[in-house]
Amino acid sequence: MTLPVEFHDIAKRVNNWGRWGADDEIGTLNLITDDVVRAAAAEIRTGRRVPLALPLREDGVQTGLIPGRINPLHAMVQINQEIFGPGTVACSDDIVTMGLQAGTHWDALTHVSHSGKLYNGRPAATVTAHGGAEFSGIDKARHVVSRGVLLDVARARGVDRLAGDHAVTPQDLDAAEELAGTRVHAGDVVLVRTGQVQVYLSGDKHGYGYPSPGLSVRTPEWFHARDVAAVADDTLTFEIFPPEIEDLWLPVHALHLVEMGMLQGQNWNLEKLSTACGETGRYAFLLSAMPEPFVGGTGTPVAPVAVL
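The model shown is predicted, which means the values in this text are computed figures rather than measured ones.

### Quick look at the overall build of the chain
Reasoning step 1: The number of helices and strands found in the chain is nine helices and 15 strands.
Reasoning step 2: In terms of C-alpha radius of gyration, the chain reaches 20 Å, essentially the compact-globule figure of 19 Å for 308 residues.
Reasoning step 3: With the principal axes as the frame, the chain shows a C-alpha extent of 70 × 50 × 40 Å.
Reasoning step 4: The buried share of the chain, reckoned over its 308 residues, is 52%.
Reasoning step 5: Sequence-distant contacts, at least 24 apart, represent 78% of the contacts inside the chain between residues at least 6 apart.
Reasoning step 6: Side chains of the chain give 24 positive and 37 negative charges; the mean places of these two sets differ by 5 Å.

### Some remarks on the confidence of the model for the chain
Reasoning step 1: Averaged over all residues, the pLDDT of the chain equals 97, while 100% of them reach at least 70.
Reasoning step 2: Ranking the elements of the chain by mean pLDDT puts helix H6 (residues 205-209) last, at 96, and strand S9 (residues 189-193) first, at 99.

### As for the nonpolar core
Reasoning step 1: Counting 36 residues, the largest nonpolar core has Leu52, Trp106, Leu191, Leu263, Trp268, Leu273 and Phe285 as its most contacted members.
Reasoning step 2: With residues up to four places along the chain from it excluded, the contact list for leucine 191 reads Leu52, Val149, Leu150, Leu151, Ala232, Trp268, Leu270, Leu273, Phe285 and Leu287.
Reasoning step 3: Of all hydrophobic cores here, the second largest spans 28 residues; its members include Val149, Ala154, Val190 and Val217.

### So, the sheet that holds strand S14 (residues 299-301)
Reasoning step 1: Reading across from one edge, S1-S15-S13-S7-S9-S11-S12-S4-S14 is the order of the nine strands in this open sheet, with mixed pairing throughout. The sheet terminates laterally at strand S1 (49-51) and S14, the two strands that pair on one side only. Averaged over all pairs of adjacent strands, the angle between strand axes in this sheet comes to 25°, irrespective of strand direction.
Reasoning step 2: As paired elements, S1 and strand S15 (residues 305-307) share three bridges and run antiparallel to each other. Counted as the bridge partner of arginine 49 is valine 307 from S15.
Reasoning step 3: Running at roughly 110° to strand S7 (residues 145-152), helix H4 (residues 170-180) makes contact with S7 and S9 of the sheet.
Reasoning step 4: Across the face of the sheet, helix H9 (residues 271-280) comes into contact with S1, S7, S9, strand S13 (284-288) and S15 while running at roughly 85° to S7.

### Some points on helix H8 (residues 251-260)
Reasoning step 1: Extensive coverage of H8 is indicated by the burial of 10 of its 10 residues.
Reasoning step 2: Against helix H1 (5-14), strand S4 (105-107), strand S10 (214-215), helix H7 (220-225) and strand S12 (263-266) lie the buried residues of H8.
Reasoning step 3: One or two residues past the end of H8 sits glycine 261, with phi positive at roughly 70°.

### Concerning the side chain of glutamine 101
Reasoning step 1: The topology assignment puts glutamine 101 in the loop between strand S3 (91-97) and S4.
Reasoning step 2: Judged by its relative accessible area of 9%, glutamine 101 is buried.
Reasoning step 3: Here histidine 111 takes part through its side chain, which lies 3.1 Å from a polar atom of the side chain of glutamine 101.
Reasoning step 4: A polar atom in the side chain of glutamine 101 sits 2.9 Å from the backbone oxygen of threonine 298.
Reasoning step 5: If we skip the residues at most four places from it in the chain, glutamine 101 touches Gln62, Arg69, Trp106, Asp107, His111, Asn267, Thr298 and Gly299.

### Digging into the packing of aromatic side chains
Reasoning step 1: According to the stated counting rule, one finds five aromatic pairs in the structure shown.
Reasoning step 2: Pairing tryptophan 106 with tryptophan 268 gives two aromatic rings, centres 5.0 Å apart and planes at 65°, and the pair type is edge-to-face. One end of the pair, tryptophan 106, is in strand S4; the other, tryptophan 268, is in the loop between S12 and H9, and 162 residues separate them in sequence. For the residue pair tryptophan 106 and tryptophan 268, the accessibility class agrees, reading buried in each case.
Reasoning step 3: Ring geometry for tyrosine 210 and phenylalanine 241: centres 5.9 Å apart, planes at 75°, overall edge-to-face. Here phenylalanine 241 lies in the loop between strand S11 (230-233) and H8 and tyrosine 210 lies in the loop between H6 and S10, a separation of 31 residues in the sequence.
Reasoning step 4: Feature note: the residues Tyr210, Phe241 and Trp249 constitute an aromatic cluster, connected by ring pairs.

### Examining the pattern of salt bridges
Reasoning step 1: All chains considered together, the criterion is met by 17 salt bridges.
Reasoning step 2: A salt bridge links arginine 48 to glutamate 279, with the nearest nitrogen and oxygen atoms 3.3 Å apart. With arginine 48 in the loop between helix H2 (34-41) and S1 and glutamate 279 in helix H9, the pair connects residues that are 231 residues apart, well separated along the chain.
Reasoning step 3: Shared partners join several salt bridges into a network, and the residues in it are Asp152, Arg155, Asp160, Arg193 and Glu271.

### Here we look at the packing of H1 against H8
Reasoning step 1: Orientation of H1 relative to H8, taken along the N-to-C sense of each, is 35°, at an axis distance of 10 Å. Seen from above, H1 lies across H8 with right-handed handedness. Residue-level inspection shows Phe7, Ile10, Ala11 and Val14 of H1 in contact with H8, the latter providing Pro251, Ala254, Leu255, Glu259 and Met260.
Reasoning step 2: Here the residues of the contact of H1 with H8 sort into eight nonpolar, no polar and one charged.

Criteria and thresholds
- Residues numbered from 1 in each chain as written.
- Predicted model: local features only at pLDDT ≥ 70, side-chain atom pairs only at ≥ 80, totals over all residues.
- Heavy atoms only, no water.
- Helix = DSSP H or I, 4+ residues; strand = E, 2+ residues; numbered from the N terminus.
- Rg over C-alpha atoms; globule rule 2.2 N^0.38 Å.
- Buried < 20%, exposed > 50% of the residue type's maximum accessible area, 1.4 Å probe, protein only.
- Contact = heavy atoms within 4.5 Å.
- Lys, Arg positive; Asp, Glu negative; His and termini not counted.
- Charge placed at Lys NZ, Arg CZ, Asp CG, Glu CD.
- pLDDT = per-residue confidence, 0-100.
- Core = buried A, V, L, I, M, F, W, Y, C linked by side-chain atoms within 4.5 Å.
- Pairing = 2+ DSSP bridges.
- Axes fitted to C-alpha atoms, helices over the stretch in contact; angles between N-to-C directions.
- Polar contact = N/O pair within 3.5 Å; in protein donor to acceptor, adjacent residues only side chain to side chain.
- Phe/Tyr/Trp six-rings, centres within 6.5 Å; stacked < 30°, edge-to-face > 60°.
- Salt bridge = Lys/Arg side-chain N within 4 Å of Asp/Glu carboxyl O.
- Left-handed = near helix turned anticlockwise from the far one by under 90°.
- Nonpolar A, V, L, I, M, F, W, Y, C, P; charged D, E, K, R; others polar.

Encoded structure:
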């Protein structure tokens, strides 16, 4: 199916190709400057740390919907083994096989393509079976530490969790920004809470994935206008699923990753953060969300922490 005119019109309005030069591979992460990080550090008032990652486990969020994206398979390769001889210090070692986007993760800019292109106009064919992403692999995203802002859309709408058919709109983001009492700044990392992760935490991982609230195709322009560095939310697919426009699958992925060059995160647990922000009345914090530097990776697990 050919992408509709509506999609291409939005793509033109949010496109960042060439903004940071023809050789750029990190897109909107360029907006996280030293000044932005210094200002982010000033958001720390109490030192309270809130972890945002789901546990990595064999019965994790993946259901088999995406072929090959398996939950972590954990195995021991040494158990109390005296590898340097009898009576020496004993070691235990383990290995993991998993999809890099299986749990709480960042999507690299190469995670999706459209019309044969990746971010900054590079050919989609530069992602190969043996080398992975030749350009804009997740290893290039080296500094995801910035001011984080929680846009608690569910709380702003007066509900604990958005309905499965709710597409988060720019108006929802405005309302959540008003609730937060702070304006989203250039270089911020925005976390959008829908409450959907509660479904997974209750034990229903199929219901967690479908149907699911998520970002509308109309929201990329909101993030582009504010020069947001990255966006993550608490759902499996990030954007509303099934899609709001019939047969237009993953348009927000394409607009964020390909057109804007903006990292996108899924499966973030924002429940404790929502509680903490509600208790303090403060929705901005220092966020550390460093990607694991898998060379050529199109995504990576991440264990983000908000410091209030």
